Amino acid sequence: MYQLRKLIKNLENEIQELVGPESISLRISNNPNFDFQINNLVKFQNHKKIKNIVNSFYKIIDKESSIKKFEITDNYFINLEINIETFTHNFDKVRNNIKVENPQTVLLDYGGPNIGKPLHVGHLRSLNIGRSLYRIYKLAGHNVLSDIHMGDWGMPIAQIISYIDQNKIDIDNINIDSLEKIYPKASNLYFEDNEFKELAQANNKMLNENNSKIIKKWHKLREISIESIKNTLQVLNQQFDLWMGESNVNHLIPGMIKKLKDDGKISHDDGAYVSNFISEPKILITKSDGSYLYLTTDLATVLNRTKQNKVDKTLYIVDKRQKLHFEQLFKSIKYFEFSDKDYQHIAFGTVNDSNGNPYKTREGDAKKLIDLFKETSLRIKQINKDLDDDTNKLLANTVLTFSDLKTNRMTDYKFDLDKFTNISGKTGIYVQYALVRAKKLLNNASINTNTLNLNIPDFDESDLNLTRELIKFEYFFNLALENNEPHHLADYLYELSNLFNSMYQNESILENKNEIVKFNKLKITEYFIAYSSLLMECLGLEPVEEM
RNA sequence: GCGCCUGUAGCUCAAUUGGAUAGAGCAUCUGACUUCGGAUCAGAGGGUUGGGGGUUCGAAUCCCUCCAGGCGUGCCA
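Caption draft 1: Geometry of the overall build of chain A. Within chain A, the regular secondary structure consists of 20 helices and 13 strands. Here chain A holds 547 residues, and the buried ones make up 53% of them. Sequence separation of at least 24 residues holds for 73% of the intrachain contacts in chain A that already meet a minimum separation of 6.

Okay, here's the thing in structure tokens:
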């Protein structure tokens, strides 16, 4: 697609000369007879110079060798059919063509597990979207860092420690299962039992003051929790560059508050500190007892990160209910002059059960990710019991990832295991199957496809359809990159797989006596394999060899 | 109360971020085939985009209003 950049530039210069500032954008055509369309002329249909514009556009496009055929319709839509040859030459260079001109350092903050709590369904989308964006940014040539940003400090920790103390539980022999049971009990007690609440508040204060006895317990709990989190992440094929958390910045907070106070950026209000930035609701910086909030820690994290890494852009991949929090955070970063870099909340909707309620276990807890994985794995075993464990694991992860990423991230969606493991349909299983089939085909052909060239005049309809779809890769990649929306790529991967299956099913390729036709199809298959693999990389999927 | 979001085919979701005739999958129905891996392919039916008004050459998308749901809202994270 970048072959058309010069054309767009020329058209842009021309229209700017005639009517002033205006940009030209290329879109995928929704007319099956064409590849791309330009819609920027439509709004000038009543412009006095419209005839001049059309005339000069005709001349410019007519000269462009990568355009085979074009039309400018009565209502001034421009339709372009490309010369496939000029694009297929670039199929081998796609990894270079998607590189951005100005690479940046991008930090992705996602995952966000809490100490004492297992990874559960609520973490699924953050992990999937985060991993996908990580790979997309990386493929675009950016320098990318992921930070799991653990909830490893503050009141929840104080609650757990208080419960352990109160019930005289031996912390040295505690394991992850018992720890996970303590968390909800402690949390409930906090709201029901005033005495317990006071104890927890006292412990929280001591934690913030780095009391050595409390810190020792905190260390132990953190260690157990992280081990369990790492185990789950390994099963889900997730990695992180940084394992920072709230505890890493706690020591920065007193200084931060003091400076804000001295600079007159915050003031006392009912004992708490609020930002002097005028907004509704007011932005609360600390609690009235002097202890810290979510926002306090996040602000300190921003300070810490600006010190440690030169980050141009920070993406917080956190569910959309926290919108207000991030609005307040971003306003505060600017108002407090902590940073003038780019900060964005990459919000997403909730995962619901088939009735549209948040996905829970029978007991009413959020479903553990490890259990969800096991159920998915079991379901795949029911479909094909002969798969080895590695393949089963890859397919289970494919299901959990693809079904999540094919939906627009802002939409709440219903998690339906039956549907997502369905043998037919727009599923992760389907795209894996198409790739396995394609690889097997090349294997059976025993021909070195590297040496083959496409002979486009001999293409049949199914060859053309798949090839023309491959050309759109850069378009969808950029769409996903610019909007932080992986679902465009999931949808595109399905589309490609479908077109490959269609070509495959159309006739028996290997038995074709016409070598030109046969070699064409094998070469296209080779490209399909490369593109499908690349898309899987973008989505965080790993191809299986057999299924 | 205030603020934000959602409402698209029977179901689950898209819609190039304001573009042409709103598209997919599932389900339903029809067809291909003793298969280079059928976990497949080809086709059909299915819509007043919650209702009404407005802006625009053009609206599922923007504005107003009503209806129905969800979420967030100064001491959880």
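Caption draft 2: Region of the structure containing the sheet that holds strand E1 (residues 26–28). Reading across the sheet, the four strands line up as E1-E2-E4-E3 and stay open at both edges, with antiparallel pairing between neighbours. Each edge of the sheet is formed by a strand with only one pairing partner; in this case those strands are E1 and strand E3 (67–72). This sheet shows a mean twist of 30 degrees between the axes of neighbouring strands, independent of strand direction. Together, E3 and strand E4 (78–82) form the strand contacts of helix H2 (residues 50–63), whose direction differs from that of E3 by roughly 170 degrees.

Caption draft 3: Representation of the side chain of Glu 526. Tracing the backbone shows Glu 526 in helix H20 (residues 515–539). At 2.6 Å, the side chain of Glu 526 forms a polar contact with the side chain of Thr 449. Contact partners of Glu 526, with chain neighbours within four places excluded, come to Leu 442, Thr 449 and Asn 450.

Caption draft 4: Highlighting the sheet that holds strand E8 (residues 272–275). Ordered by their spatial adjacency, three strands build an open sheet running E7-E8-E9, and the pairing between neighbours is antiparallel. What marks the edges here is a single partner per strand, and that holds for strand E7 (266–269) and strand E9 (284–286). Pairs of neighbouring strands in the sheet enclose a mean axial angle of 45 degrees, with direction left out of account. Pairing of E8 with E9 involves two bridges; the strand directions are antiparallel. Looking at E9, one finds that Tyr 273 is bridged to Thr 286. Sitting on the sheet, helix H10 (residues 253–262) is in contact with E7, E8 and E9, with an inclination near 95 degrees to E7.

Caption draft 5: Spatial organisation of the protein's contact with RNA strand B. What surrounds RNA strand B is a group of 69 residues, the closest being Tyr 430, Arg 437, Tyr 475, Glu 485 and Tyr 504. Between a base oxygen of RNA strand B and a main-chain N or O atom of Ile 28, the distance comes to 3.4 Å. Gln 37 has a polar side-chain atom sitting 3.0 Å from a base nitrogen of RNA strand B. Where the surface near RNA strand B is concerned, the elements lending two or more residues are E1, E8, helix H12 (323–335), strand E13 (413–414), helix H16 (428–445), helix H18 (473–483) and helix H19 (487–506). Considering only residue class, the surface near RNA strand B consists of 26 nonpolar, 25 polar and 18 charged.

Caption draft 6: The arrangement of H12 in detail. Here H12 spans 18 Å end to end across 13 residues, near enough to the 18 Å set by a 1.5 Å rise per residue. For H12, every residue scored as buried is listed here: His 325, Phe 326, Gln 328, Leu 329, Phe 330, Ser 332 and Ile 333. Buried-residue contacts for H12 involve helix H11 (294–308), strand E10 (313–319) and strand E11 (342–348).

Caption draft 7: Main features of H10. Taken residue by residue, H10 has Ile 253, Met 256, Ile 257 and Leu 260 as its buried positions. Buried residues of H10, viewed axially, fall in a sector of 95 degrees; they line one side. Facing away from the buried surface of H10 by more than 90 degrees, the exposed residues are Lys 259 and Asp 262. The secondary structure elements touched by the buried residues of H10 are E7, E8, E9 and H11. Of the residues one or two after H10, Gly 264 is the one with positive phi, at around 70 degrees.

Caption draft 8: Focus on unusual backbone geometry. Cis geometry is adopted by the peptide bond preceding Pro 281, which originates at Glu 280 and carries an omega value of 0 degrees. Tracing the backbone shows Pro 281 in the loop between E8 and E9. The backbone of His 149 sits at a positive phi, close to 45 degrees, despite the residue not being glycine. As for its position among the elements, His 149 is in the loop between strand E6 (143–147) and helix H6 (155–166).

Caption draft 9: Quick look at the pairing of strand E5 (residues 105–109). Among the five residues in E5, five count as buried, and that is most of the element. Side chains of E5 alternate between two faces, with Thr 105, Leu 107 and Asp 109 and Val 106 and Leu 108 buried alike. Strand direction decides the pairing type here: E5 and E6, joined by five bridges, are parallel. Each residue of the ladder has a partner; that of Val 106, found in E6, is Val 144. Handedness of the β-α-β unit built from E5, helix H5 (residues 121–139) and E6 comes out right-handed. Relative to E10, E5 runs parallel, the two being bridged by four bridges. Directly across from Leu 108, in E10, lies its bridge partner Leu 315.

Caption draft 10: Representation of the packing of aromatic side chains in the model. Applying the stated criterion to the full structure yields 25 aromatic pairs. Aromatic side chains Phe 473 and Phe 477 sit 6.0 Å apart centroid to centroid with 15 degrees between the ring planes, which places their arrangement in the stacked category. With Phe 473 and Phe 477 both in helix H18 and four residues apart, the pair spans about one turn of that helix. The two residues Phe 473 and Phe 477 agree in class, both being buried. Of the aromatic side chains, those joined through ring pairs into one cluster are Phe 91, Phe 473, Tyr 475, Phe 476, Phe 477, Tyr 492, Tyr 527 and Tyr 531. Lying over the aromatic face of Trp 243, Lys 230 brings its terminal NZ or CZ to 4.7 Å of the ring centre. Lys 265 extends its terminal NZ or CZ atom over the ring of Tyr 335, reaching a point 4.6 Å from the ring centre.

Here is what the cut-offs are and how they apply
- Residues numbered from 1 in each chain as written.
- Chains lettered and ligands numbered in written order.
- Predicted model: local features only at pLDDT ≥ 70, side-chain atom pairs only at ≥ 80, totals over all residues.
- Heavy atoms only, no water.
- Helix = DSSP H or I, 4+ residues; strand = E, 2+ residues; numbered from the N terminus.
- Buried < 20%, exposed > 50% of the residue type's maximum accessible area, 1.4 Å probe, protein only.
- Contact = heavy atoms within 4.5 Å.
- Pairing = 2+ DSSP bridges.
- Axes fitted to C-alpha atoms, helices over the stretch in contact; angles between N-to-C directions.
- Polar contact = N/O pair within 3.5 Å; in protein donor to acceptor, adjacent residues only side chain to side chain.
- Near = heavy atom within 4 Å.
- Nonpolar A, V, L, I, M, F, W, Y, C, P; charged D, E, K, R; others polar.
- Expected span 1.5 Å × (residues − 1).
- Arc of directions from axis to C-beta.
- Right-handed = clockwise from strand over helix to strand, strands pointing away.
- Phe/Tyr/Trp six-rings, centres within 6.5 Å; stacked < 30°, edge-to-face > 60°.
- Lys NZ or Arg CZ within 6 Å of the ring centre and 35° of its normal.

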